[in-house]
Every structure is written in C-alpha cells, then in structure tokens.
Amino acid sequence: MSTQSSSYRVSGSTADLADWSAPELLEAYARKAASPVEVAKHVIARIDAYEPRLQALYAFDPDAALRDARASEQRWMSGQARALDGIPATVKENIATKGTPVPLGTAARPLVPAAEDAPPAARLREDGVVILAKTTMPDYGMLSSGLSSFHPLARNPWDISKNPGGSSAGAGAAAAAGYGPFHIGTDIGGSIRLPASWCGVFGLKPSFGRIPIDPTYYGRVAGPMTRTVRDAALMMKSLTRPDMRDPMSLPYQDLPWLDLDIDVKGLKIGVMMQAGVGMTLDPEVRATVESAAKIFEDAGALVEEMPPFITREMLDGLDDFWRQRAWTDIAPLSDEERGKILPYILQWAEGGKDLTGAEVYRGMNQMMVMRHAAVAATHRFDFAISPVAPCAAYPAELASPIHNPEEPFEHIGYTVAFNMSDQPAASVNAGFTKAGLPIGLQIIGRRFDDMGVLRLSHAWEEMCPDKRPWPRL
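Right, let's walk through the structure included here. Here the structure is a predicted model, which is why all the values come from computation and not from measurement. For every chain, the first residue of the written sequence is number 1, and numbering continues from 1 along that sequence. Confidence filtering applies because this is a predicted model: local features only for residues at pLDDT of at least 70, side-chain atom pairs given and counted only at 80 or more, and all residues used for totals across whole chains, interfaces and linings. Just so you know, side-chain values use all the structure's heavy atoms and leave hydrogens and water out.

Notes on the overall build of the protein chain
Heads up, the rule is: Helical segments are the DSSP runs of H or I of at least four residues, strand segments are the runs of E of at least two, and each set is numbered from the N terminus. Relative accessibility thresholds used throughout: buried, under 20% of the residue-type maximum; exposed, over 50%; partly exposed, between the two (1.4 Å probe, protein chains only). Pairs of residues are marked as contacts when any of their non-hydrogen atoms sit within 4.5 Å. All accessible areas in this document rest on Shrake-Rupley with a 1.4 Å probe, and a residue is counted as covered only by the protein chains that are shown. Positive charges come from Lys and Arg, negative ones from Asp and Glu, while His and the chain ends are left out of the count. All charge positions are set by atom: Lys at NZ, Arg at CZ, Asp at CG, Glu at CD.
Scanning the protein chain from N- to C-terminus turns up 14 helices and eleven strands. Each of the three principal axes of the protein chain carries a C-alpha extent, and together these read 65 × 60 × 45 Å. Residues classed as buried in the protein chain amount to 62% of the 473 residues present. Considering only contacts in the protein chain between residues 6 or more positions apart, those separated by 24 or more positions represent 78%. For the protein chain, the accessible surface area stands at approximately 16900 Å², while carbon and sulfur atoms represent 53% of it. Placing the 47 positive and 57 negative side-chain charges of the protein chain at their respective mean positions leaves the two points 3 Å apart.

Dropping the structure here:
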C-alpha cells in the first residue's frame, strides 16, 4: 500500500476531487470551478477502485447518486443552491433511508425497505447532500469491529489486514479512504470514536439529544465522521435541526458551529491516562497521549492528572444489561433465524437469558452510577483528554481486541461512561504507531458543550505534529 497523496489536513491542492473537503467543494461550486456531477463521478471512481478491498459500503447506488448530483448542479446553475448542495456523503446502515432495508448488520433480520428517512438522513437530504451509500456495521451494532453475518468483512484503509473498528465500521473506513467528505455514524459506547481513532479520522459523539435520531435509546447518539473538524462542524449545522420523532432530543439551539476559534491558554484540562478497568494501555498509545498533553501544556493550558473512575462493577453491570437487551431481541427468533447470527454475538447475548430481574435492574442501574461518576470526575475541568482505545487497530477477522464474548467490553473503558453522562466527546488523530497505524486522542467536554469539543479538537488538529498523507490503496 502506498501513502502518497495530498497533505493530511488540507486537500484542495490535489487533482482528485474525492479528497476535497466540504468547504472547498462549496466554494468551487459557487465559482463554477467544479460541479456536483464531476465530484460525484470522482468519488464513485474512488469507491470502484477501493471498495473491493475495503468493503465499507452497503446499498451503494451510483446511478441514484448521479441523478441527485445532476439535480444539485441545476440548483447551483439557477442560483437556488441549498446549504450543503452537492456534497457526497454516506450514512450508517442503521440510520434508515427511504426504500433501503435496515438489516442492522445481521443476516437474521428480514430485508424490509424503510418507509422514510431517519432524522439525520432527512436533514442532509433537505440541504442537498448527495447520499452515495449506506455503510456497514456488525450484528446489532454490538461489536467494535467490522465483522458481520450480513455484510462482507470491512477493513482498515491504513492496513487492510486490520480492523476499522465499530460499530460504525464502514463509516470510519469510508472517511479515511476518501469516499466523499461527509459520513454519519452512531455511538452507544464508543461506536463513533473507536473507528475514528483506528481509521485516523475525526469523530464526534455529540451530547445526548443534540442530533435527533429515530429510534432513540439510552446513551445512543448519531454524529459526524469526517477527515476534518470543520467538515464535522458544517454537518452539525444541518444534523442538529429539530425532529419531533425523537422525544429525547434537546431543545434546538442555533449554535455558531463554524466558529472554531479557541484560546488554549488558561484552559483547565484533565488527563485520564488509565481507564480504571479493562485492557492494559499500549505503550505507544500512552506516549502519544502524553505528548498531546505536553503540547497543550506548552500552549498555556493548565494540565492536571485526572484519576480513573470506571469500576469493574460498572462495566460488568452494563454488560449484563446489554446482554439481556440483546437476548430480548433474539429470543423470539426461530432456530433457523438465530442460526444466522454471528456466533460471537449469539454466544454473548445468550449470557443474558438466565439473568434474574434483580440482576438486570442492577446492571441497568450502573448507567446511572457511570453518569454520576463521569460528571464528578470531570466537573472541575474545562475539558478532559484521554486515549480513545487502549490499543491500535487489531486483526480484521476478530470481533474485538480480546475476541472473547465473555470479556466483550475490556476496550471501551475510556469511552462508554461519556455516553451515559450525556457529555460530548470526540476522537481526533494524535499520531501513529511505529507500524503506521493511527492513534486517537479523546477530547471530552462538559455536558452539552459540543461547541467547546469541536473548538478544542480544531485547535489540536492545528497543533498535531504528526500529519501524514491519507492512505492510498
């Protein structure tokens, strides 16, 4: 694999329009220096070249994309362009798009076309975004992996022998590979941040309720996965618009999403190097995050160690609750249908079938315990930083770094609590291992301070000393 391409952050100098950022494309469309049709053709060509090896996409429809791109081109020509007109995008498979089945990554579900777009897809379409495809995910979204009983095995563009992470597996791979600027994932325990970290892209898990979704669930959010923070901020302008289908969404705020300036000097930043539970932190990941903390300190931030707060009881309790939740979905299936589920997931879910009501309640209650612990640990800081994952990308064929359904969540100790606490958290690339695999830095904000997380992520993006070309297959 070659890594010769345009610069890691600024892509407009390249001749390949598939690598251009969304602001660059919008500016080129306005000047009539490029057209949405031309851009769509470039992205489709990239997909045709890379997809046989990455297998990041589901329901890829180039004809429909070109049709939508031609309609966008006409709007630009007639002076009726919408806010994001002609920007190529992908949408995670579990975010419904009208007419496309939603298998949730598993071969056990019937393929019934969705009746309408879910809120995130609807907002992008309203603003003229060209949706090229859905992106792949593992069975029921319950793996940090691209392993699925329905989709082909997704792989990491930086090294196709490695996993892109999950459950937003295809989204992470598609963003790193340059399948257009915009990608949407979902996250209930790390499913945006983990693949963003392992694929070297930016991923924002917004505050719970900031982006309306359907269906909603405790801790579950949708969020952007992009090559740049500014692309994600541009998406937030659309994705955060209200939708009555999400009864757990926040009151709408017209925030200045593109105002990304922040003065790092004087910020109080907590550094959580240990998760408190789970896998041992890899030395290369540790060194990269420690280096990031030193760079923030040199820029004038007040950096202080933040002790770990996740406990074994918290993680095991959540595991019990999620197993029982999964078994509730799987139990009504026939033996034939159940036999189609990824064996790892089936074995994991079966661990929930004999739990007592009291055990399930105690497990569910750990979400509240995590919420209180996360807020208590971070409240005296403006931001916290940590590793996203304790390791770099692992072999593509594995369901998790440990690959043991009896120890399924040993790698999510840094991420999961901030789903439970409603806090915004992002993964931004911080460097690479000696083998050339990306390492993510997690930036955590106070509850509902999504703007702050975007701003500090953008500041880090500017300061990061290890900027590399995007991978070429």
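Looking at the environment of Ala 275
Tracing the backbone through its elements, the reader meets Ala 275 in the loop between strand 7 (268-271) and helix 8 (283-298). If we skip the residues at most four places from it in the chain, Ala 275 touches Pro 308, Phe 309, Ile 310, Gly 413 and Tyr 414.

Side note on the nonpolar core
In plain terms, the rule: Only buried residues count toward a nonpolar core. Its members are Ala, Val, Leu, Ile, Met, Phe, Trp, Tyr and Cys residues joined through side-chain atoms within 4.5 Å.
Membership of the largest hydrophobic core comes to 143 residues, with the highest contact counts inside it found for Phe 309, Trp 322 and Leu 441. In this view, Trp 322 contacts Met 142, Ile 188, Gly 189, Trp 348, Phe 409, Ile 412, Val 416 and Met 420; residues no more than four positions away in its chain are not counted.

As for the packing of aromatic side chains
Under the convention used in this document: Two rings from Phe, Tyr or Trp (for Trp, the six-membered ring) form a pair when their centres sit within 6.5 Å of each other. Planes less than 30 degrees apart are called stacked, planes more than 60 degrees apart edge-to-face, and all others tilted. Here, a charge over a ring means that NZ of Lys or CZ of Arg falls within 6 Å of the ring centre while also lying within 35 degrees of the ring normal.
Per the counting criterion, the structure on display carries ten aromatic pairs. The interplanar angle of 85 degrees and the centroid separation of 5.4 Å between the aromatic rings of Trp 322 and Phe 409 together place this pair among those described as edge-to-face. With Trp 322 in helix 9 (residues 312-330) and Phe 409 in the loop between strand 9 (383-387) and helix 13 (417-420), this pair connects stretches of sequence that are 87 residues apart. The pair formed by Trp 322 and Phe 409 is uniform in burial state, with each residue classed as buried. Here the basic side chain of Arg 325 rests over the ring of Tyr 217, its NZ or CZ set 4.0 Å away from the ring centre.

Structural notes on the environment of Val 388
Mapped onto the fold, Val 388 is located in the loop between strand 9 and helix 13. A sequence separation of 190 residues divides Val 388 from Trp 198, and the C-alpha atoms of the two residues are 9.1 Å apart. When near neighbours in sequence (up to four residues on either side) are disregarded, Val 388 contacts Arg 193, Leu 194, Ser 197, Tyr 414, Thr 415, Ser 427, Gly 440, Leu 441 and Gln 442.

What about unusual backbone geometry?
Between Gly 166 and Ser 167 the backbone carries a cis peptide bond, its omega angle lying at 10 degrees. Within the fold, Ser 167 resides in the loop between strand 3 (130-135) and helix 5 (169-177). Residue Pro 215 is reached from Asp 214 by a cis peptide bond, and omega for that bond is 5 degrees. Tracing the sequence through the fold places Pro 215 in the loop between strand 5 (202-205) and strand 6 (221-226). Non-glycine residue Asp 422 carries a positive phi angle of around 70 degrees. By secondary structure assignment, the location of Asp 422 is in the loop between helix 13 and strand 10 (425-432).

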